[in-house]
Each structure stands twice: as structure tokens, then as C-alpha cells.
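# Architecture and fold: a report
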Amino acid sequence: MGNKRVMVPADEVDLTVVTYEPEVIQAPHLAGLLLKLFVKLVEAPLIGPLIVSYLKKQNKMFGMLHNSVIPETPMYKPEFPTQEPEPGVVGLEEDGKPEDRVEFALKCLPHYDAGICWTGDSTPSFRYWKIRDYAYAYRSGLANPSMVAERFITAMEEFSRKKLPTPLLISFDAEELRKQAAASTQRFKEGNPLSILDGIFMAIKDDIDCYPHPSKGATTWFHEVRPVRKDAVCVSRLRSCGVIFVGKANMHEMGLGTTGNNPNYGTPRNPHASDRYTGGSSSGPAAIVASGLCSAALGTDGGGSVRIPSSLCGVVGLKTTYGRTDTKGSLCDAGTVEIIGPIAANVEDLMLIYAAILGSSPSDRISLRSSLPCLPSLSSSESSNALGSLRLGKYTEWFNDVFSTDISQKCDNILNLLLEKHGCKTLEIAIPELLEMRMAHLVSIGSESLCKLKPDYEDGKDVKLTYDTRINLVLFQSFTASDYVAAQRLRRRLMYHHMEILKKVDVIVTPTTGMTAPVIPRNALKVGETDLQVTGNLMRFIIAPNLLGLPAISVPVGYDNQGLPIGLQLIGRPWAEASILRLAAAVEDLCPEPKKKPLSFYDMLKGN
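Residues numbered from 1 in each chain as written. Predicted model: local features only at pLDDT ≥ 70, side-chain atom pairs only at ≥ 80, totals over all residues. Heavy atoms only, no water.

### A few points about the sheet that holds strand S16 (residues 552–559)
Heads up, the condition is: Strand pairing is assigned whenever DSSP identifies at least 2 bridges connecting the two strands. Numbering of helices and strands starts at the N terminus; helices are DSSP runs of H or I of at least 4 residues and strands are runs of E of at least 2. Here, axes are lines fitted to C-alpha atoms. For helices the fit covers the stretch in contact, and angles between N-to-C directions go from 0 to 180 degrees. Contacts are assigned to residue pairs with any non-hydrogen atoms lying within 4.5 Å of each other.
The strand order S5-S7-S6-S8-S10-S9-S16-S17-S14-S12-S13 describes an open sheet built from eleven strands, whose pairing is mixed. Whereas interior strands pair on both sides, the edge strands pair on one side only; in this sheet they are strand S5 (169–171) and strand S13 (425–428). Each adjacent strand pair in this sheet contributes to an overall mean axis angle of 35°, direction not counted. The pairing of strand S9 (residues 316–319) with strand S10 (residues 339–344) spans two bridges and is antiparallel. Each residue of the ladder has a partner; that of Val-316, found in S10, is Ala-344. Along the sheet, helix H13 (residues 347–357) contacts strand S6 (201–205), strand S8 (296–301), S9, S10 and S16; its crossing angle with S10, the most-contacted strand, is approximately 150°. Its contacts with the sheet place helix H23 (residues 577–590) against S9, strand S12 (391–394), strand S14 (507–511), S16 and strand S17 (565–572), and it is angled at close to 5° to S16.

### Quick word on the layout of surface pockets
For clarity, the cut-off: Points on a 1 Å grid, built from protein atoms alone, make a cavity when a 1.4 Å probe fits but cannot get out and make a pocket when they are open with protein on both sides within 12 Å along at least 5 of 7 lines; residues with an atom within 4 Å of a point are the lining residues. Grid points are joined across faces, edges and corners, and a volume is the space filled by probe spheres set on the points. Side-chain classes follow a simple rule in which Ala, Val, Leu, Ile, Met, Phe, Trp, Tyr, Cys and Pro form the nonpolar group, Asp, Glu, Lys and Arg form the charged group, and the remainder, Gly included, forms the polar group.
Of the voids in this model, the largest pocket is the one considered here, and its volume is about 1,200 Å³. What lines the largest pocket is a set of 50 residues, and nearest its centre among them are Met-61, Leu-442, Leu-475, Leu-532 and Thr-535. For the lining of the largest pocket, a count of residues per class yields 24 nonpolar, 17 polar and nine charged.

### Notes on the environment of Gly-303
As a reminder, the rule being used: Only protein chains enter the accessibility calculation, which uses a 1.4 Å probe; a residue whose area is less than 20% of its type maximum is buried, one above 50% is exposed, and one in between is partly exposed.
Counting through the fold element by element, Gly-303 comes out in the loop between S8 and helix H12 (307–313). Note on Gly-303: relative accessible area 10%, which makes it buried. For the pair formed by Gly-303 and Leu-256, sequence separation is 47 residues and the distance between their alpha carbons is 8.8 Å. With residues up to four places along the chain from it excluded, the contact list for Gly-303 reads Ile-308, His-441, Ile-445, Met-539, Ile-542 and Asn-546.

### Considering the packing of helix H15 (residues 381–388) against H23
Cut-off, in case you're wondering: The cut-offs work like this: below 35 degrees is roughly parallel, past 145 is roughly antiparallel, 65 to 115 is roughly perpendicular, and the gaps in between are oblique.
The geometry of H15 relative to H23 is characterised by a closest axis approach of 10 Å and an angle of 90° between their N-to-C directions. One finds that H15 runs roughly perpendicular with respect to H23. Between H15 and H23, the residues in contact are Ser-383, Ala-386 and Leu-387 and Arg-582, Leu-583 and Ala-586, respectively.

### Quick look at the pairing of strand S7 (residues 244–249)
Most of S7 is tucked away, with six of its six residues classed as buried. As defined by bridge partners, S5 adjoins S7 across two bridges and the pair is classed as antiparallel. Along S7, the bridge assignment pairs Leu-169 with Ala-249. As paired strands, S6 and S7 are joined by four bridges and run parallel to one another. Paired with Met-202 across the two strands is Phe-245, which belongs to S7.

Here it is as C-alpha cells:
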């Protein structure tokens, strides 16, 4: 049979004999002049295809796609079996007003004691201001949105004067911000705020439309071929709740990177260590939340792009079930792996933002058998009982495949505390074909990205893209139609495996990333870099939620020995956002390490 590999049907795979295969990446780390030279070579007509073919063979891409016989039929976008209702949850009206959903979500949160937050006596350690803290301050006259807006504008001016540039926003209009804040301040004066989110400051990733700002996708030109005429659906929903938008947040160009490196506008720096990356591609959204400048932000997640920077910056990031939120008005619209998701400093605030933006598109409601969107009622005894009954699935060999044992140890500590305090049992699982899953995801997201960019790419705009983006596009162009079909066959196969696992456990637990925030090489700032070893470490655990459309959340669980944040990832069943939000809230409460104040932090509420 030569090199041909015939895969047995997914339902015949014996999970008891599955062995873990670590990913071995064979590719050079390039930056500066070497990166420029490499791009010239791979884009050259004759030598380029040879280089790409060699690298694909070195990384076993041909064996997983070209030479495999995969018996499953293709699954061109996630398809889920009917799911049982989650226990201990309350349903939300998907077609209702966003502000009504937010009000309902507010009732799901634990009791709020404003005195604890404002006296400062009982909270000696650092904490982020919550959305309810802002709402209390506005209603009590202790602050108003216009005051916060002026502090934000001053902070942006300080950022522009820093010795190390930290460009968190690509598009910012101080007068537009003042206008929004003044309108919100007036509503509070009249006693008519639109919702608990009125006057809350948020950043929007640069691939999501937020009128009147352009959507550049962090390129220098994409806004010229795709003008913005109105808000994206999710932005419109937030605006109806009174949210104040500070502008468009920086990102890795076109979302095609995991570090946040951006030579076009500058590379955001990690608020916990200015010599480190924030993670990408939602680099600006995560950094701006971690810095205290905004309560929340919207990002997009096609390959961990919400969860990776959330983990590296020490905040919370939610990747929803595929189809749970409407992506219309964003650059990820019509894709099959990418969603729009919220980033916030804590689970409570994340729930409020999620409640505002949820709601499937009309087409997804027809094609997907979605369950009713739900939230956990965090203060009820029923919710506590539901938490204690959760079974957590851990694939130990995979779980421990991390760059630093600090990561697996901190994540393990939380699992032990969940058992001790709530009775959550951790069960050993095995997940087959992880290497195949990474390849299927790469081909899927690569093909979709190329389809989106190709008309302009072939119209001469390719030379205006950053060098690492150009390398990615060369690789994506090497994928064939048969590669794409094979990847979708693998998607159905992997969906089967995960649905079988999720019959035995309720949540799959992993570290969010295989490493904490990597160092920014000096020679990478001007022209960028390509480092697939770092990419592999950052993406090790995040592929399944994107390829299979599963919900997942990253929640902080402590710091490594260098003081860099570590995140725990919780992967749930389709449509089971409520379960992972409940578990994330418990993880947040149990975390034994006090939160560290980021080195770059701004107090927007008290101004000190």
C-alpha cells in the first residue's frame, strides 16, 4: 500500500490504547533582515514552492492529508447533536432587547456590597473595578462618565509619550469619546441610564465594525476596500445598553498570529512586563482590559485569539459556541472557526457583556440546533449543587506538555481545590488524533483567510502586508482542494471523538497556553518575526473549540516564577456556556494567589 494510511472509522478507535504524541515543529525562527530575505525566497516562482514543500514534509503535513484515507464524510462547519439542558441555569430571551438580557444577567450575580469596594478597608490586595462598581459610582455621584473619559484621554496621551511605545488603539477620537460620555452623563443626571452597562468603557478589536471608526484589521489598507457604514451586530447591541466605545484596539495583522506583533502600528506590550508580548491576535483588547483602562473589550477568536491574550495578560476571555453570537459586520463573518467573544477583568463582568451580545444570526438558527442561551444563577443553592456534580476531564500527558511546570502545577492546584471545596471530580480522558486536529484547523482557517484576502492580495496589496502575514498566505496557497476536503473529513471524525468524551465528562480542562508571555525580540519590532515554536506553545490547547465550535473560557489561576499570568481553560459541551461560566466563577473565587497589580495600570474610577 506504499505510504498510504487508511484510518479506521472514528467509532472503531479504541481510546484505551491512545498514546500522546507531542507536536514537533521544524521551522526557523526569523526576524529582521533574515525574515525579509526568507519572504523574498518563499514568494519566488521556482524556489518558493520547493521551500514550502520541504517544510510541509518536515512537519508531516503530507502524511496527515495527502496520504490518508479518511472514511468520514466532510463536515464543512460545526454540526452538533442535540444537547441535554444544563442544570441550575436560567434561560435568556435570544430575540429580546439586549438591555433586558443584561438586566436579567444582573440578577444572576451574587449580592453586591458597595461599601466593601469604596471604603478600601477590607480589600487590601489589588482588585479590578467591576462594572457594578462603576454603576454604583455613577448613580451615587461619586464619578460620572465624562470624568472617566477625561482620565482615559489623559492616559492615551501618556501612552504616546512613553519611551517604549505601547499602541493599544489603532483608531481613537477624543472628541467622539467625549460626546458619548457626555450623553451617558446626562442620562445619569436625568435618572434614566439605559442599563447597568451605561457609561461602561469598552474597546473593540480592529476587525469588528464600530462606526465611525474604520476597520483595518491592523493593516494599512483594508479599510480602503471595505468601508464601515454601520456598527457590527454585537456592537449595536452593546450601544443600545449605553456602552461607551473608546476606539479600535490593536491586533496582529488580519488575526494571523498569536503574539500580537504588529510593525504597522506598533506592538502592544504586556501590562505585567513591558518586554513581553500580550498574545494575539486580540492583543490590544486584552492589554487594555488588563491595564484597567476599560472594563471589557470585544475580540475575535479563530485560533485562540481571545483566550491566548486573556491568559497571557491575566484576564478572562470567552470563546462562545459557534453560532451563539452574530458575526455580521466583522471580518470573521461567514467563517466556520471564528467567533466574536468578550474579554473582561472578571467572570461577573464577562457574563454581563455576554448577555448583551448573544443571539444567533437568522441563518445559523436554521442550520444549527441551538439550545436556549442560559446563564448560571451564581447565588442560588441549585447552582452550587450543579457545580458540585461537574465531572472534569483531564488528559494528563497533554495537560503536562508545557514550557514551564509552573503552568501545569498552578492549574492542577485549582483542580484539587475544586474537588476539596465543591466536590468536582477530575477524570482521566484520552483525546485521539491531536496532531490531525491541528492540521485540520490550519487548513480550515488558512483556506478561509486566503479566500477573504485573495481578491485584494492578487490586486497588488500583498506587498503592503507584514512579512509574517505574507509567509502565512504563501503556506495557505499551497493547500489544495483535496487538502481542504480531507480537513473537513477530519473535523467530523474529531467531532465524534469529542462528543463521546463529553458524554463521560462535563468539561475538558487544560492550561490555556503551553507557555506564559514570551519575550519580544528587539529585531522583531520593526519588521515582525515568525517563530512557530512559540506559536505551537501558545496554541497547544486551544484548537478544538475553534475547529469543532465548542465553547471555552480562559480564567486566571496565578503566576509563574517570573510573575507572569497563567490561565486555565475550560472547554464545554455545545451551547453550554452557562456551565463553563459557573465553573470559571468558582475557579476565580478559589484562586489562592492574590491578584497582582499590573506594572502598567490606570485607575479610571478614582484617578489615582
